[in-house]
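# Examining the three-dimensional arrangement
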Amino acid sequence: ELYKGKIIAYSLGNFIFDQYFSSDTQQGLMLKLSFSSSAIIINVVPLISVRSQIAVATGPVKTNLLNRLAKNSVVSTSVRDGIRQGIFTISK
């Protein structure tokens, strides 16, 4: 969510779950932030967990996670498009 020009990333504290019966809890996200004097570049890195071992998601799993995040984000269309690509920029 963007609130007053600031990004809010919810639920990043719950990184690994041992609820193996639930595919939703075996998927997650990591954010990589890069700062400059004029912008914040945000890389969205989809993750999967297999028996509590984390790996970067690829292929259709990555695409589905990014699309779901974009769909549920309260942001502009341009940021939503960036989320689908896994990278977007917020101007300072």
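Heads up: these notes are all about the structure in this document. No experiment lies behind these values; they were computed from the predicted model shown.

## Topic: the packing of helix α1 (residues 59–72) against helix α2 (residues 77–85)
One way to put it is that α1 packs onto α2 with a least axis distance of 8 Å and a crossing angle of 165°. By the angle between their axes, α1 is roughly antiparallel relative to α2. Relative to α2, the crossing made by α1 is right-handed. Residues L66, N67, L69 and A70 of α1 form the contact with α2, whose own contacting residues are R80, I83, R84 and Q85.

## Here's the deal with the nonpolar core
Looking at soluble globular proteins, one finds that nonpolar side chains tend to be buried together. I40, I42, V44, L66, A70, V75, V79, I83, F88 and I90 form the largest nonpolar core, which has ten residues in total. Secondary-structure elements contributing two or more residues to this core are β4 (39–50), α1, α2 and β6 (87–91). A total of three residues in this core trace back to one element, the largest contributor, which is β4. Contacts of V44, omitting those with residues within four sequence positions, involve L29, M30, L31, L66, L69, G86 and F88.

Each value, and the rule that gives it
- Residues numbered from 1 in each chain as written.
- Predicted model: local features only at pLDDT ≥ 70, side-chain atom pairs only at ≥ 80, totals over all residues.
- Heavy atoms only, no water.
- Axes fitted to C-alpha atoms, helices over the stretch in contact; angles between N-to-C directions.
- Helix = DSSP H or I, 4+ residues; strand = E, 2+ residues; numbered from the N terminus.
- Parallel < 35°, antiparallel > 145°, perpendicular 65-115°, else oblique.
- Left-handed = near helix turned anticlockwise from the far one by under 90°.
- Contact = heavy atoms within 4.5 Å.
- Core = buried A, V, L, I, M, F, W, Y, C linked by side-chain atoms within 4.5 Å.
- Buried < 20%, exposed > 50% of the residue type's maximum accessible area, 1.4 Å probe, protein only.

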